[in-house]
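The residues making up each chain are set out below.
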Amino acid sequence: MIGRAALLAAIIAAGLGSAAHAQSYPNRPIKLVVAVLPGGPMDVMARLVAQQLSSTLGPVYVENRAGAGTTLGAKAVASAEPDGYTLLLGNAATNAIGPTLYKSAGYDPLTSFAPVAFVSSVPYVMIASPALPVLTAPELVAYAKVNPGKLSFGVPNAAPSHMLAAWFKAITGTDVQIVPYKGAATVLTDLLGGQIQLGFEATSVVLGHLHDSKIRALAAAAPSRLPDLPEVPTMIESGFPDFIASSWTSIMAPAGTPKDIVARLNASINEGLVSPQMQARFKQLAAEAHPGTPEELAAFMASELPKWQAMAKLAGISGE
């Protein structure tokens, strides 16, 4: 049995070790994994966060690991050492939809990660070709019901947009085809070209096209009207009271990452998110910088998971 003096010495040593550990982190570059290809809004946000962290903590670099519905990159982070040197820029795809569709994803969206910080929130909008003779979501429903099977939603396969299209079809009882694509860029190309008529996309992807009137916004899936699109009604105003969805991003670490490291990362990320410079950059992406605590992020993710999982099952799709 350990004597009282020895036990006291061990406790003191452990406390000193923890303090030394907190003071020495980080002492080498941090990797921020983003589970999408380079170039899109999510990748840009990852690089903005990495730049901010680099200015306060030291070198942070972004690694793009796309594949398997974003689960490839998420799994790599979930299985990494919980030492604060491997982070994930997560979203609904990585932390809700992907593990539902890909049964061998290799991680649990809630228990495999330590929430670190919110990053951003971007609302979704229902978009349409200007050639379609409707201006609002109710007009779309009426038109679709007298033209069954003649309209198509273009959606990135297994992405949140796919889930939203399936949700809309289910609650409206409309016969609208859902056409899966490899990515949002090809959806927009075909929407502009007239091959498809409808879609759901984050404002960060489509705001420029909307302002140029190349496509039309029918409704925003937000609690209130968007400052960038004040003339566009919400889905709530359009008669769909529960239809709220956003493209959110957050920073996650592997489960078991020490709390002092999580706290230091959270403080540094939030410092950047509240700065005028970062807020301006996010606004250019039609995104809202979203500072918050790890506890707030954990509660938010716990509430988001069942919603997206229900929509994934509603869509009747499988990643395997």
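Everything numeric here is computed off the predicted structure, so don't read it as measured data.

A. Quick look at the packing of aromatic side chains. Summed over the entire model, instances satisfying the criterion amount to 10 aromatic pairs. Look at phenylalanine 153 and phenylalanine 168: their rings are 6.0 Å apart centre to centre, the planes differ by 75°, and that puts the pair in the edge-to-face class. One end of the pair, phenylalanine 153, is in strand S5 (residues 152-156); the other, phenylalanine 168, is in helix H6 (residues 160-172), and 15 residues separate them in sequence. With relative accessibility at 0%, the residue phenylalanine 153 sits in the buried group. Judged by its relative accessible area of 1%, phenylalanine 168 is buried. Among the aromatic residues, ring-to-ring pairing joins Phe153, Trp167, Phe168, Phe200, Phe240 and Phe243 into one connected group. The cationic tip of arginine 28 hangs over the ring face of tyrosine 85; the distance from NZ or CZ to the ring centre is 3.7 Å.

B. Region of the structure containing helix H7 (residues 184-193). The set of residues buried in H7 consists of Val187, Leu188 and Leu191. Looking down the long axis of H7, one finds its buried residues gathered within 95° of arc, a one-sided arrangement. Among the exposed residues of H7, those pointing more than 90 degrees away from its buried face are Ala185 and Thr189. In this structure, the buried residues of H7 make contact with strand S4 (113-128), S5, strand S6 (177-181), strand S7 (198-202) and helix H8 (203-211).

C. Focus on unusual backbone geometry. For the bond running from tyrosine 25 to proline 26, omega is -10°, close enough to zero to count as cis. By the element assignment, proline 26 lies in the loop between helix H1 (4-24) and strand S1 (30-34). Positive phi values are uncommon outside glycine, yet serine 213 reaches one of about 65°. Note that serine 213 resides in the loop between H8 and strand S8 (216-220). A relative accessible area of 55% places serine 213 in the exposed class. Although it is not a glycine, alanine 286 adopts a positive phi angle of roughly 60°. Examined against the element boundaries, alanine 286 turns out to sit in the loop between helix H10 (276-284) and strand S10 (288-289). Exposure remark for alanine 286: the relative accessible area of 10% places this residue in the buried category.

D. Inspection of the environment of alanine 159 at higher detail. Structurally, alanine 159 can be placed in the loop between S5 and H6. Alanine 159 gets classed as buried once you look at its relative accessible area, which sits at 17%. Once the C-alpha coordinates of alanine 159 and glutamate 231 are considered, the two residues, 72 residues apart in sequence, prove to be 27 Å apart.

E. How the structure looks around the layout of surface pockets. Of the pockets and cavities examined, the largest pocket occupies roughly 910 Å³. Lining the largest pocket are 40 residues, with Val36, Thr70, Pro156, Ala159 and Ala184 sitting closest to its centre. At the level of elements, helix H2 (41-56), helix H4 (92-101), S4, H6, S7, H8 and strand S9 (246-254) are the ones that each hand at least two residues to the lining of the largest pocket. Top element by residues in the lining of the largest pocket is S9. It accounts for four residues. Of the residues in the lining of the largest pocket, the class split is 24 nonpolar, 14 polar and two charged. Each pocket or cavity is described by its volume, and for the second largest pocket that value is around 460 Å³. Ser121, Pro123, Pro227, Ala287 and Glu288 are, among the 23 residues lining the second largest pocket, the residues nearest its centre.

The rules behind these values
- Residues numbered from 1 in each chain as written.
- Predicted model: local features only at pLDDT ≥ 70, side-chain atom pairs only at ≥ 80, totals over all residues.
- Heavy atoms only, no water.
- Phe/Tyr/Trp six-rings, centres within 6.5 Å; stacked < 30°, edge-to-face > 60°.
- Helix = DSSP H or I, 4+ residues; strand = E, 2+ residues; numbered from the N terminus.
- Buried < 20%, exposed > 50% of the residue type's maximum accessible area, 1.4 Å probe, protein only.
- Lys NZ or Arg CZ within 6 Å of the ring centre and 35° of its normal.
- Arc of directions from axis to C-beta.
- Contact = heavy atoms within 4.5 Å.
- 1 Å grid on protein atoms, 1.4 Å probe; cavity = no way out; pocket = protein on both sides within 12 Å on 5 of 7 lines; lining within 4 Å.
- Points joined across faces, edges and corners; volume = space filled by probe spheres on them.
- Nonpolar A, V, L, I, M, F, W, Y, C, P; charged D, E, K, R; others polar.

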